[in-house]
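# Observations on the three-dimensional arrangement
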Amino acid sequence: MKHLLLWVILSTMPVRSLGSPHRSVPSPQLADSAELRSALSWFSQNLAWINDQQARITEIPAPPFQEAARASVVKALLAASGLEVQIDKTGNVVGELPGANAQEIVMLTAHLDTVFPPGTDVKVRREGTRMSAPGISDNGTGLAALVSIARAMHEAKIKLRRTILFVADVGEEGEGNLRGMRALVETYRSRLKAAVVLDGSGTDHVTTKALASRRLEVLITGPGGHSWSDFGMPNPINALVRGSIRFINTKVPASPRTTFNLGQIEGGTSVNSIPYDVKLKVDIRSESEDELGKLESALRESIAAGTRDEMESSRDRSKGKLDWKIDVLGTRPGGELAANSPLLAALRAADNYVNNQSRIERSSTDANIPLASGIDAISIGAGGTGGGAHSLQEWYEPTGREMGLKRALLTLLGISGIVEDKSK
Ligand SMILES: [Zn+2]
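Treat the numbers as computed from the prediction; the structure is a model and nothing was measured. (Residues numbered from 1 in each chain as written. Predicted model: local features only at pLDDT ≥ 70, side-chain atom pairs only at ≥ 80, totals over all residues. Heavy atoms only, no water.)

The next thing to look at is the packing of aromatic side chains. Centre-to-centre distance and the angle between the planes together describe a pair of aromatic rings. Tallying each qualifying case throughout the model produces 3 aromatic pairs. With a centroid separation of 6.1 Å and an interplanar angle of 85 degrees, the aromatic rings of Trp42 and Phe43 are classed as edge-to-face. On the basis of relative accessibility, which here comes to 0%, the residue Phe43 falls in the buried class. Here Phe247 and Phe260 contribute two aromatic rings whose centre-to-centre distance is 5.0 Å and whose plane-to-plane angle is 55 degrees, an arrangement assigned as tilted. Pair noted here: Phe247 is in helix α7 (residues 236-248) and Phe260 is in strand β12 (residues 258-267), with a separation of 13 residues, a long-range link. Every member of this aromatic cluster is reached through a ring pair, and the members are Trp42, Phe43 and Trp49. (Phe/Tyr/Trp six-rings, centres within 6.5 Å; stacked < 30°, edge-to-face > 60°. Buried < 20%, exposed > 50% of the residue type's maximum accessible area, 1.4 Å probe, protein only. Helix = DSSP H or I, 4+ residues; strand = E, 2+ residues; numbered from the N terminus.)

Given below as structure tokens:
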């Protein structure tokens, strides 16, 4: 006879609450589940293996849009833990651990991609316990945790209530535009109850608020010509400068916090040519979708005005005109996990169990996509400490990693539920 356990939240309640009305709820103590105890202790017994997997995964380059080699190694690692694993058409590795209720799915995810271009030296250097390499923490830590949690649950023979998908997804960084997570939410939307995203190291935060952002590209074009003989012809770079100065004078609120960045300019062919085009990439972010919309409008108005000013001040209108457009390179929708969500309760119970304190954060992560669709999601670090993310000096120190792994496992099982095997 099997029954469902409401174990995480109840079993980690402080002792003083035992006299409260909660006591009447059937609440087998955590210690009652030998499988769970065994999964939790698996981590501390296999720390060397976990470090080795992290180094091995990190040493397989995974530039944006080139995650396939790394994906196939993660696929093999998940398959070795008894999962049915596939790579979907977007490139995500999806390993399924069926639960008693296959109609309800919980995802544990870690992104495969790095920000580093092909050719970057990703050899891991070890000094003492510390490991250094581009991508070692973001997201070597998350990927190592993903395969370790799958392995720990497999060896401990944990039986689930809801089905868990262990996912290594593509396209989290930059212009990947969260395409891996978008495809996952699209595919599993009707059955997906929660997503736990493992990103980087640490245990000090839980991201429950999705920061909305947009990446835009301005393009201004004109006829182009010679700096001397065509002087007076409207100049796309002049127009961009005029428009950009208008835009950067836009007032943005401190609350809801709203930011913009002119990040990259490209255009022109030589110092003595009037350019025929110029491009500008702009990143805008806000705690409010409304403010984000206003800021995008301000950019459009500024560029329109800058182009108009340049045309009006051009000395010879017969020499052609300027055109402009703004393309959206990517959008990350906003969203927020409800304060009373079962997922946040599971995370808090896990924090309590491992004696950890974490603060709520707003950030731009894979969790943006489920949150924007009304699906519960959080993003957390996978333990240990790291630094220098997105730089060639990135490092990771695994000391204390077990706590992060236990926290992630307990959160996951708190939301998937486990089925106690009474036949033992
Ligand atoms: Zn990351």
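Turning our eyes to something else, we now look at the coordination of the zinc ion. Looking at the zinc ion, one finds its protein donor set to be His111 (NE2), Asp138 (OD) and Asp199 (OD), positioned 2.0 to 2.1 Å from the metal centre. Written as a sequence motif, the donor arrangement for the zinc ion is H-x26-D-x60-D. Within this pair, whereas Asp138 is found in the loop between β6 (130-132) and α5 (140-155), its partner Asp199 is found in the loop between β8 (192-198) and β9 (205-210), the two being separated by 61 residues in sequence. Each member of the pair, Asp138 as well as Asp199, carries the same accessibility label: buried. (Donors = N, O, S within 2.8 Å, 3.2 Å for Na, K, Ca; no water.)

Next up on the list: the side chain of Glu296. Residue placement: Glu296 occurs in helix α8 (residues 289-313). Judged by relative accessible area, which is 11%, Glu296 ranks as buried. Looking at Glu296, its side chain comes within polar contact range of the side chain of Arg300, at 2.9 Å. Once you skip the residues sitting within four places of it in the chain, Glu296 turns out to touch Arg214, Leu216, Ile284 and Val328. (Polar contact = N/O pair within 3.5 Å; in protein donor to acceptor, adjacent residues only side chain to side chain. Contact = heavy atoms within 4.5 Å.)

Taken in spatial order, the 4 strands of this open sheet run β5-β6-β20-β19, and their pairing is antiparallel. The open sheet terminates on both sides in strands that have one partner only, identified here as β5 (125-127) and β19 (385-387). When strand polarity is set aside, the average angle formed by the axes of neighbouring strands in this sheet is 20 degrees. Pairing of β19 with strand β20 (residues 395-397), which is carried by 3 bridges, proceeds in the antiparallel orientation. Bridging from a neighbouring strand, Thr385 pairs with Glu397 of β20. (Pairing = 2+ DSSP bridges. Axes fitted to C-alpha atoms, helices over the stretch in contact; angles between N-to-C directions.)

The subject of this paragraph is unusual backbone geometry. Of note, the amide linkage connecting Asp138 to Asn139 takes the cis form, showing an omega dihedral of 15 degrees. Position of Asn139 among the secondary structure elements: in the loop between β6 and α5. In this model, Ser255 is joined to Pro256 through a cis peptide bond whose omega is -5 degrees. The phi dihedral of Lys157 falls on the positive side, at around 55 degrees, and the residue is not glycine. Mapped onto the fold, Lys157 is located in the loop between α5 and β7 (162-169). Lys157 gets classed as exposed once you look at its relative accessible area, which sits at 55%.

The pairing of strands in a sheet happens through backbone hydrogen bonds and is either parallel or antiparallel. Strands sit in the order β12-β14-β10-β15 across an open sheet of 4 strands; the sheet is antiparallel. Two strands bound the open sheet, and with one partner strand each, they are β12 and β15 (323-332). Neighbour to neighbour, the strand axes of the sheet diverge by 20 degrees on average, direction disregarded. When β12 meets strand β14 (residues 277-286), the two strands line up antiparallel, connected through 9 bridges. If you follow Phe260 over to β14, its bridge partner there is Ile284. The sheet strands contacting α7 are β10 (212-221), β12 and β14, and the helix crosses β14 at an angle near 15 degrees.

What follows covers the pattern of salt bridges. Two side chains bearing opposite charge may form a pair once their charged atoms approach each other closely. Tallied over the entire structure, the rule returns 25 salt bridges. With a closest N to O distance of 3.4 Å, Arg359 and Asp204 form a salt bridge. Highlighted residues: Arg359 in strand β17 (residues 359-363) and Asp204 in the loop between β8 and β9, separated in sequence by 155 residues. Because the salt bridges share partners, they merge into one network encompassing Lys209, Glu287, Glu336 and Arg362. (Salt bridge = Lys/Arg side-chain N within 4 Å of Asp/Glu carboxyl O.)

Turning our attention to the pairing of β7. Counting buried positions along β7 yields 8 of 8 residues, so the element is predominantly enclosed. Where strand β3 (residues 93-97) lies against β7, 5 bridges are found, and the strand directions are antiparallel. Within β7, the residue paired with Val93 across the bridge is Ala168.

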